[in-house]
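Below, each chain spelled out in residue letters.
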Amino acid sequence: MAARIDRDVIDKSNEQFQEALEADYAALGARLDRRGIAIDDIKRKVAGFTVAVPSWGVGTGGTRFARFPGGGEPRGIFEKLNDCAVINDLGRATPAVSLHIPWDKADPADLRAKAEELGLGFDAMNSNTFQDHPDDPSQPLSYKYGSLSHTDAAVRQQAVEHNLETVSIGEAIGSKALTVWIGDGSNFPGQSDLGRAFERYLGAMKEITKGLPADWRIFSEHKMYEPAFYSTVVQDWGTSYLTAVELGEKAFCLVDLGHHAPNVNMEQIVSRLIHSRKLGGFHFNDSKYGDDDLDAGSIDPFRLFLVFNELVEAGARLDALGPSYMIDQSHNVTDPIESLIRTAGEIRRAYAQALLVDRAALRGFQDENDALMASETLKAGFRFDVEPILAKARLEAGGAIDPIAAYRTSGYRQRVSQERPASRGSGGGIV
Ligand SMILES: [Mn+2]
């Protein structure tokens, strides 16, 4: 199996950039110091913020029209984990991986051993009942017309058992949460009874929740449309919240940033879920029109900043919830390793900018109804170029100051392209 990135490559790359970084860090530090902010405190918080990489994100994604595979695509979960380790070696922000079952099904002991060897852990598990699994003898029935909300009790039972199997694999590898996203819904008014479909879904989710280990959480992930185009069973955060309430204390809501109507105020949804103590986690990505699964922060970095502003604002209330931060993207035209490295950087950037908002001043302007100064105070955090903080955090954790430059120098993609012959098909990875 392909080696990772030589320490030497990272060190040599860092040598080129370190002097400039120290100067930029000192200059930003002086600027922040004038506002009473210690840059090292911000850096420490940023270094402590990590986000999980999706196993399906390291392969080339596709659309419903076509998939154009890149070179050296991982052929199975162990090669995927190797690529995930490369992302973390360089960026030092992604020490955990989120698995998708059955795409990543393997002996849990082997998964655990490989992850330990690579210095990785596992975040939430993802079940898959949005496609059929003809090679999986435990799932002979079709999900064409739904899974957990299917009209046929036998299909619902199969989907419940698949989720419980996903939990048992997760339990064996140290995961503590299950994310459930279903493709269930309808294409035409009248095709499905909206009320009964939801009740069937709740019944099945209760069965799964009953089977969770004591220290596990279950996340319901809503999505407005696709693959169903008229209605989905869990279409928005309202239904997701109703589900979490109905299921009880182990159940929380997962917010995938791409799963809303255009221009929906996602940061307000985040605020509401924190208020109601039901925020379970995130699937980060960015979009222009729909569930585009583009790199987080690549289209609308201000929107990402506003989400993090709510997280920072929540403070201890957020700490009590301990949400899972995960990426969910599809990389169609970029090297997935590069996209995931920059994505983790963009997520940390939004966090750092949110940490720089003068919260006391903001609250004062809000309370005085000074709309202009409140807006300016919030935006002041966003305007900071925090790259020196991000780079310094990476450097001190053993990563690269410029991780994409170091990655390109390493020749990793060329190496794995030799070792891994081109494959066809495999899971599309649009969730
Ligand atoms: Mn998702």
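None of these values were measured; they are calculated from a predicted model.

Colleague: Just checking my understanding: could you explain the overall build of the protein for this structure?
Modeller: What the protein contains, in helices and strands, is 16 helices and 11 strands. For a compact globule of 431 residues, the expected C-alpha radius of gyration is about 22 Å, and the protein comes in at 22 Å, within 12% of that figure. C-alpha atoms of the protein, sized along the principal axes, occupy 65 × 60 × 40 Å. Counting across all 431 residues of the protein, residues that qualify as buried make up 47%. The long-range share in the protein, meaning contacts at least 24 apart out of those at least 6 apart in sequence, stands at 80%.

Colleague: Any chance you could explain the sheet that holds strand β2 (residues 96-98) here in plain terms?
Modeller: Taken together, the three strands give an open sheet; going across it, the order is β1-β2-β3, and neighbouring strands pair in parallel fashion. At either end of the open sheet lies a strand with only one pairing partner, and these are β1 (53-54) and β3 (121-122). Pairing geometry for β1 and β2, over two bridges, is parallel. When the sheet's bridge partners are listed, Val 53 is paired in β2 with Val 97.

Colleague: Help me out: how do you make sense of the pairing of strand β11 (residues 324-327) in this one?
Modeller: When a strand is regular, its side chains alternate between the sheet's two faces. Residues Ser 324 and Met 326 point to one face of β11 and Tyr 325 and Ile 327 to the other, with burial holding for every one of them. In this sheet, β11 lies alongside strand β10 (residues 279-284) in parallel orientation, the contact comprising four bridges. Paired with His 283 across the bridge in β11 is Met 326.

Colleague: I keep staring at unusual backbone geometry and nothing clicks. Help me out?
Modeller: Trans is the common state for peptide bonds, and a negative phi is the common state for residues other than glycine. The residue after Ile 101, namely Pro 102, is reached through a cis peptide bond having omega 15 degrees. Residue placement: Pro 102 occurs in the loop between β2 and α4 (108-118). Look at Arg 92: it is not a glycine, yet its phi comes out positive at around 55 degrees. Looking at the element boundaries, Arg 92 is found in the loop between α3 (77-91) and β2. One non-glycine residue, Asn 263, lies in positive phi territory at about 70 degrees. Tracing the sequence through the fold places Asn 263 in the loop between β9 (251-256) and α8 (266-275).

Colleague: Help me understand the sheet that holds β9, please; the structure alone is not making it clear to me.
Modeller: In any sheet, the strands associate via hydrogen bonds between backbone groups, in a parallel or an antiparallel arrangement. Taken in spatial order, the six strands make up an open sheet running β4-β5-β7-β9-β10-β11, and their pairing is parallel. Two strands in the sheet have a free side with no partner beyond their single neighbour: β4 (125-126) and β11. Running at roughly 170 degrees to β9, α8 makes contact with β9 and β10 of the sheet.

Colleague: Would you explain the nonpolar core in this entry?
Modeller: Nonpolar side chains in soluble globular proteins tend to be buried together. Core analysis: the largest hydrophobic core is formed by 102 residues, its most contacted members being Val 51, Val 97, Phe 219 and Cys 253. In terms of residue count, the dominant contributor to this core is helix α11 (residues 336-355) (10 residues). Residues contacting Val 51, with those up to four places away along its chain left out, are Ala 93, Thr 94, Phe 284, Tyr 325, Met 326, Ile 327, Ala 344 and Ile 347.

Colleague: Explain helix α7 (residues 237-247) here, please?
Modeller: Every α-helix carries 3.6 residues per turn, so stepping three or four residues along brings you back to the same face. Three or more residues of α7 are buried, namely Trp 237, Ser 240, Tyr 241, Thr 243 and Ala 244. Here the buried residues of α7 occupy an arc of 160 degrees about the axis, which is enough to place them on one side. Buried residues in α7 make contact with α6 (194-210), β7 (217-221), β9 and α8. One or two positions beyond α7, positive phi appears at Gly 248, with a value near 100 degrees.

Colleague: Looking at this structure, how should I read helix α9 (residues 301-314)?
Modeller: In this model α9 runs 20 Å from its N-terminal to its C-terminal C-alpha over 14 residues, within 8% of the 20 Å that 1.5 Å per residue would give. Lining the buried residues of α9 we find α8, α10 (316-321), α11 and α13 (371-383). Positive phi appears at Gly 315, one or two residues downstream of α9, with a value of about 50 degrees.

Colleague: So what exactly am I meant to see when it comes to the packing of helix α1 (residues 7-33) against helix α15 (residues 403-410) here?
Modeller: Geometrically, a packed helix pair is captured by the angle between its two axes and the distance between the axes. Contact geometry for α1 and α15: axes closest at 9 Å, N-to-C directions at 130 degrees. By the angle between their directions, the pair α1 and α15 is classed as oblique. Crossing geometry of α1 relative to α15 is assigned as right-handed. Of the residues in α15, those in contact with Val 9, Ile 10 and Ser 13 of α1 are Ala 405, Ala 406, Thr 409 and Ser 410. In terms of residue class, the contact of α1 with α15 is built from four nonpolar, three polar and no charged.

Colleague: Can you help me understand the packing of α6 against α7 in this one?
Modeller: Closest axis-to-axis distance for the α6/α7 pair is 10 Å, and the angle between their directions is 50 degrees. Our classification of the angle between α6 and α7 gives oblique. Of the two possible hands of crossing, α6 and α7 adopt the one that is right-handed. Facing Leu 202, Met 205, Lys 206 and Thr 209 of α6, the residues of α7 in contact are Thr 243, Glu 246 and Leu 247. Across the contact of α6 with α7, the residue classes tally to three nonpolar, two polar and two charged.

Colleague: Hey, could you run me through the pairing of strand β5 (residues 177-180) in this one?
Modeller: Neither face of β5 is exposed, since Ala 177 and Thr 179 on one face and Leu 178 and Val 180 on the opposite face are all buried. Sheet topology places β4 next to β5; two bridges connect them, and they run parallel. Pairing of Met 125 across the sheet is with Leu 178, part of β5. Note on the crossover from β4 through helix α5 (residues 153-173) to β5: the handedness is right-handed. Pairing of β5 with β7 involves four bridges; the strand directions are parallel. Pairing of Ala 177 across the sheet is with Arg 217, part of β7.

Basis of the calculations
Residues numbered from 1 in each chain as written. Predicted model: local features only at pLDDT ≥ 70, side-chain atom pairs only at ≥ 80, totals over all residues. Helix = DSSP H or I, 4+ residues; strand = E, 2+ residues; numbered from the N terminus. Rg over C-alpha atoms; globule rule 2.2 N^0.38 Å. Buried ≥ 20, exposed ≤ 12 C-beta atoms within 10 Å, placed from the backbone. Contact = placed C-beta atoms within 7 Å. Pairing = 2+ DSSP bridges. Axes fitted to C-alpha atoms, helices over the stretch in contact; angles between N-to-C directions. Core = buried A, V, L, I, M, F, W, Y, C linked by C-beta atoms within 7 Å. Arc of directions from axis to C-beta. Expected span 1.5 Å × (residues − 1). Parallel < 35°, antiparallel > 145°, perpendicular 65-115°, else oblique. Left-handed = near helix turned anticlockwise from the far one by under 90°. Nonpolar A, V, L, I, M, F, W, Y, C, P; charged D, E, K, R; others polar. Right-handed = clockwise from strand over helix to strand, strands pointing away.

Everything listed is a geometric property; what it means functionally is a separate question.
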